[in-house]
Amino acid sequence: MKALVWHGKSDIRCESVRDPILENSRDAIIRVTACAICGSDLHIFDGMIPEMHRGDVLGHETMGEVMEVGKNAGDLKVGDRVVVPFTIACGECFFCMKGFYSGCERTNPDHAKAEQLWGHSPAGLFGYSHLLGGYAGGQAEYLRVPYADVGPIKVPDQLTDEQALFLSDIFPTGYMAAEFCNIQPGQTIAIWGCGPVGQMAIRSAFLLGAERVLAVDTIPERLALARDAGAQTIDFKTENVYERIQDLTGGRGADACIDAVGTEPDTWSGIDAVVDRIKTATFLGTDRPHVLRQAIMCCRNFGTVSIVGVYGGLLDKIPMGSAINRGLTFRMGQTPVQHYLPMLMDRIVKGDIDPSFVITHRATLEDGPELYKTFRDKRDGCIKVVMKP
Ligand SMILES: NC(=O)c1ccc[n+]([C@@H]2O[C@H](COP(=O)([O-])OP(=O)(O)OC[C@H]3O[C@@H](n4cnc5c(N)ncnc54)[C@H](O)[C@@H]3O)[C@@H](O)[C@H]2O)c1
Ligand SMILES: [Zn+2]
Ligand SMILES: [Zn+2]
């Protein structure tokens, strides 16, 4: 089959690889009908994620048609149309039983490596390195889905692939980011990053009752899409973000701040961002947490900082003094997608939201390597790429 394969930093190729086969009785094989490139894939593309091996198949936002099922793959049947969560979860362990599927303690065969880095291992993820299971990803014609009785969910006929696809990751992620803020009537939520995840967070914040959303980015079409949703926008390159948020909140700060950018902010976001860039380039640091610092400083006393932008290692110069003296709450995580799927599927069916609004580019797998660059460099108005193998 054809798949997008990692060969090194900035080197992704569309190649023939071996077709997946059932390896376990709880597996299913799906024929991919739509898959997407995520901001998290850009961290791999930019060489920020350790333990990638040449030949790894990428991709974790995938849906398709069930082709084969193991005898313990639950009630999935050949021909079912399903969307697949990016988090692989057993459904039975301590964490899965509590709904913390992205903390599943059984699905990362590489857990010892993750424990060395993070103390404990999270769940395995599709197409996301040999730190997180080494599972082949879904930017491919076919995908093996382990624990298929827990992950994939059937898509009702009335939804198109494009409406359902983002249930695999960015819609639940944006929703979780907003849910972490415990939004009360009248509140102002500030959101950094108007990429696909930020866009989902903006709309979710309104769905959850935010009075006002302040959206920070610099890319004109992304800011415009945020305004379409009703957000007020702040351009971090031409405005002082902290002062704008102070002005807009009567000097108090935002009730909650969402970091939907993570470890790769624009290098020109601020002096600290330039220093971080130099430190990571010279192996003196692992991450570039400019946005997290700013989100903390812009949050009101006893507010919440919600982090869904991904970080990898040890973060420098985090203003913990500000956080502890002012009683901030931190919420963060890789999304336990399975926990949100049924409820968010319902919201799409009811018409509360149609997540396909972020799609700007539709392509084939062969176009994938070029579109990784287009998406990373934010060229050609690119906000979200969907590929149909
Ligand atoms: N927690 C999870 O489960 C989860 C799931 C999916 C994605 N993510 C992460 O979410 C983040 C965003 O993903 P995406 O797909 O939207 O990526 P993206 O790269 O398209 O979006 C990032 C946006 O941040 C903007 N930005 C850069 N510097 C900024 C600054 N200083 N202030 C404000 N905005 C700034 C960029 O212009 C861009 O629009 C990534 O870190 C990704 O890894 C996390
Ligand atoms: Zn993702
Ligand atoms: Zn589990």
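Residues numbered from 1 in each chain as written. Chains lettered and ligands numbered in written order. Predicted model: local features only at pLDDT ≥ 70, side-chain atom pairs only at ≥ 80, totals over all residues. Heavy atoms only, no water.

An unreviewed UniProt entry annotates the protein chain as Glutathione-dependent formaldehyde dehydrogenase originating from Gluconacetobacter azotocaptans. Looking at the Cofactor (unreviewed entry) heading of the UniProt record, one finds this comment for the protein chain: "Zn(2+)". Word for word, the UniProt comment on the protein chain under Sequence similarities (unreviewed entry) is "Belongs to the zinc-containing alcohol dehydrogenase family." (UniProt positions renumbered as here; feature names shortened; annotations may be inferred.)

(A) Structural context of the overall build of the protein chain. Scanning the protein chain for helices and strands turns up 13 helices and 17 strands. Computed over its C-alpha atoms, the radius of gyration of the protein chain comes to 20 Å, within 12% of the 21 Å expected for a compact globule of 389 residues. Buried positions account for 59% of the 389 residues belonging to the protein chain. Here the contacts in the protein chain between residues at least 6 apart in sequence split such that 71% fall between residues at least 24 apart. For the protein chain, the exposed area adds up to about 16,000 Å²; of that, 52% sits on carbon and sulfur atoms. (Helix = DSSP H or I, 4+ residues; strand = E, 2+ residues; numbered from the N terminus. Rg over C-alpha atoms; globule rule 2.2 N^0.38 Å. Buried < 20%, exposed > 50% of the residue type's maximum accessible area, 1.4 Å probe, protein only. Contact = heavy atoms within 4.5 Å. Areas by Shrake-Rupley, 256 points an atom, 1.4 Å probe, with all protein chains shown as cover.)

(B) Representation of the sheet that holds strand 10 (residues 188-192) in the model. Spatially, six strands are ordered 12-11-10-13-14-15 in an open sheet, and the strand pairing comes out parallel. If you trace the sheet from one side to the other, it starts and ends with strand 12 (232-235) and strand 15 (329-332), each paired once. The sheet shows a mean angle of 20 degrees between the axes of neighbouring strands, direction not considered. Relative to strand 15, strand 14 (residues 299-307) runs parallel, the two being bridged by four bridges. By the bridge assignment, Ser 306 is partnered in strand 15 with Arg 331. Its contacts with the sheet put helix 6 (residues 196-207) on strand 10, strand 11 (212-217) and strand 13 (254-259), and the angle it makes with strand 11 is roughly 170 degrees. (Pairing = 2+ DSSP bridges. Axes fitted to C-alpha atoms, helices over the stretch in contact; angles between N-to-C directions.)

(C) Layout of the domain arrangement of the protein chain. Considered domain by domain, the protein chain is made up of domain 1 (2-169 + 335-387) and domain 2 (173-332). On a C-alpha basis, the centres of domain 1 and domain 2 stand 26 Å from each other. Taken together, the contacts link 27 residues of domain 1 with 18 residues of domain 2. Between domain 1 and domain 2, a total of about 2,100 Å² is buried, with carbon and sulfur atoms accounting for 65% of that surface. The largest per-residue losses of area from domain 1 upon contact with domain 2 belong to Tyr 340, Phe 357 and Ile 383, which jointly make up 26% of the total buried on that side. Here domain 1 is connected to domain 2 by six residue pairs in polar contact (both at pLDDT 80 or more). Elements with a contribution of two residues or more to the side of domain 1 that touches domain 2: helix 1 (39-45), helix 3 (111-118) and helix 12 (337-350). Ranked by residue count, the leading element in the side of domain 1 that touches domain 2 is helix 12, at four residues. (Domains from an automatic or database assignment. Buried area = accessible area lost by both parts, 1.4 Å probe. Polar contact = N/O pair within 3.5 Å; in protein donor to acceptor, adjacent residues only side chain to side chain.)

(D) Region of interest: the coordination of the zinc ion (ligand 2). Taken together, Cys 38 (SG), His 60 (NE2) and Asp 169 (OD) make up the full set of protein donors to the zinc ion (ligand 2), lying 1.8 to 2.2 Å away. Counting residues between consecutive donors of the zinc ion (ligand 2) along the chain gives the motif C-x21-H-x108-D. With a gap of 22 residues between them, Cys 38 in the loop between strand 3 (28-36) and helix 1 and His 60 in the loop between helix 1 and strand 4 (61-69) connect regions that are remote in the sequence. The burial state of Cys 38 is the same as that of His 60; both residues are buried. (Donors = N, O, S within 2.8 Å, 3.2 Å for Na, K, Ca; no water.)

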